[in-house]
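What follows is each chain in one-letter form.
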Amino acid sequence: MDTRLYNSLRKSIIFKDVSEVNFNEIVSEIPFRILDYKKNEILFFEGDDCNSIGIVLDGEVEVNKGLTIGKKVNITKIKAGDMFAEAVVFSQYHKFPATIEASSDSKVLFISRENIVKMCSKYPDFIEKFMGILSTKISILNNKVSLLSMKSIRHKILFYISKEGKQDKNGHLSIKIAKQDLANKIGVERPSLSRELIKMQDENMLNMDGKKITVICDINEYLI
């Protein structure tokens, strides 16, 4: 493994807290598989077998779920240093529940299920980090399921901002995101999203300034 890839893997979410000694042992003992993907290339289709986890070393991939013909919902984007399939690979079903697609030219490192088990049994700091990431991903997935189950676009907008927004100096939650990206995140068509945002602004629920959306109402009143 060349120096650049070594450093990328070392900084990844799964290995950054592993001791230097253990990391070097893992790199020398565990067989990795590294593949390159072009932008828009499919890594895995929904329903494909999953027998390894993927760590994005360079670029970005996204997880998309097809709801109807011609429509897809972006579940999440996985940037360099992050990983995917860590929950699916150990499930009884172990098939991808969504499609994994490269959103830019990307380089992905794969570790088989069997080698993950070896690392968990041999390196305590690795299994602690792995289980922490798994728990966090499950929590994020639960939020996504809650979001997609909401029928009202208004509720979806407020729920998403309540989870992803940051508080400004006035105590209001705000987020910077392109309208199309927000539409993909909450699983609605962009025109429908735009109409609802305008209505909410007219009702003094939020303000829009370019990509910035600031909620000025009490979100809890609408999400309870």
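Anything mentioned here points back to the structure above.
Just so it is clear, the structure is predicted and the values come from calculations on it, not from any experiment.

1. Comments concerning helix H6 (residues 179–186)
In step 1: Along H6, the residues classified as buried are Lys-179, Leu-182, Ala-183, Lys-185 and Ile-186. Down the axis of H6, the buried side of the element spans an arc of 160°, and every buried residue falls inside it.
In step 2: Downstream of H6 by one or two residues, Gly-187 has phi in the positive range, about 75°.

2. A closer look at the side chain of Asn-115
In step 1: By the element assignment, Asn-115 lies in helix H3 (residues 113–122).
In step 2: Classification of Asn-115 as buried rests on a relative accessible area of 8%.
In step 3: Leaving out residues up to four positions away in the same chain, Asn-115 has contacts with Ile-30 and Pro-31.

3. A short note on helix H7 (residues 190–202)
In step 1: Here H7 spans 18 Å end to end across 13 residues, near enough to the 18 Å set by a 1.5 Å rise per residue.
In step 2: Within H7, the full set of buried residues consists of Leu-193, Glu-196, Leu-197 and Met-200. Down the axis of H7, the smallest arc covering the buried residues is 105°, so these residues share one side. H7 presents Arg-195 and Asp-202 as exposed residues on the side facing more than 90 degrees away from its buried surface.
In step 3: On its buried face, H7 sits against helix H5 (153–164), H6, strand S11 (206–209) and strand S12 (212–215).

4. Observations regarding the pairing of S11
In step 1: Bridge count for S11 against S12 is four bridges, and the pairing is antiparallel. Counterpart to Asn-207 in the pairing with S12 is Thr-214.
In step 2: Joining the antiparallel neighbours S11 and S12 is a turn of two residues, in which Gly-210 adopts a positive phi near 65°.

5. Considering the pattern of salt bridges
In step 1: According to the stated counting rule, one finds 11 salt bridges in the structure shown.
In step 2: Where Lys-129 meets Asp-17, a salt bridge forms, and the shortest distance between an N and an O atom there is 2.9 Å. Of this pair, Lys-129 sits in helix H4 (residues 124–149) while Asp-17 sits in the loop between helix H1 (3–10) and helix H2 (20–29), placing them 112 residues apart in sequence.
In step 3: Among the salt bridges present, the one from Glu-46 reaches Lys-65, with a minimum N-O distance of 2.8 Å. Within this pair, whereas Glu-46 is found in the loop between strand S2 (42–44) and strand S3 (52–58), its partner Lys-65 is found in strand S4 (residues 60–68), the two being separated by 19 residues in sequence.
In step 4: Salt bridges here are not isolated pairs; linked through shared partners, they connect Arg-154, Glu-196 and Glu-203.

6. Here's the deal with unusual backbone geometry
In step 1: With a phi close to 75°, Ala-85 is a non-glycine residue in the positive phi region.
In step 2: If you trace the backbone, Ala-85 turns up in the loop between strand S6 (83–84) and strand S7 (99–102).

7. Focus on the sheet that holds strand S10 (residues 173–176)
In step 1: Reading across the sheet, the four strands line up as S9-S10-S12-S11 and stay open at both edges, with antiparallel pairing between neighbours. In this open sheet, the two edge strands, each paired with only one partner strand, are strand S9 (166–167) and S11.
In step 2: Strand direction decides the pairing type here: S9 and S10, joined by two bridges, are antiparallel. Paired with Gln-167 across the strands is Leu-173, a residue of S10.
In step 3: Lying over the sheet, H7 contacts S11 and S12, oriented at roughly 120° with respect to S11.

8. Here's the deal with the sheet that holds S6
In step 1: Spatially, the four strands line up as an open sheet ordered S1-S8-S3-S6, and their pairing is antiparallel. Every other strand in the sheet has two partners, leaving strand S1 (33–37) and S6 as the edge strands with one partner each.
In step 2: Pairing of S3 with strand S8 (residues 106–112) involves six bridges; the strand directions are antiparallel. Residue pairing for S8: Asp-58 is matched across the bridge by Lys-107.
In step 3: Against the sheet, H1 touches S1, S3 and S8, its axis set at about 115° to S3.

Rules used throughout
Residues numbered from 1 in each chain as written. Predicted model: local features only at pLDDT ≥ 70, side-chain atom pairs only at ≥ 80, totals over all residues. Heavy atoms only, no water. Buried < 20%, exposed > 50% of the residue type's maximum accessible area, 1.4 Å probe, protein only. Helix = DSSP H or I, 4+ residues; strand = E, 2+ residues; numbered from the N terminus. Arc of directions from axis to C-beta. Contact = heavy atoms within 4.5 Å. Expected span 1.5 Å × (residues − 1). Pairing = 2+ DSSP bridges. Salt bridge = Lys/Arg side-chain N within 4 Å of Asp/Glu carboxyl O. Axes fitted to C-alpha atoms, helices over the stretch in contact; angles between N-to-C directions.

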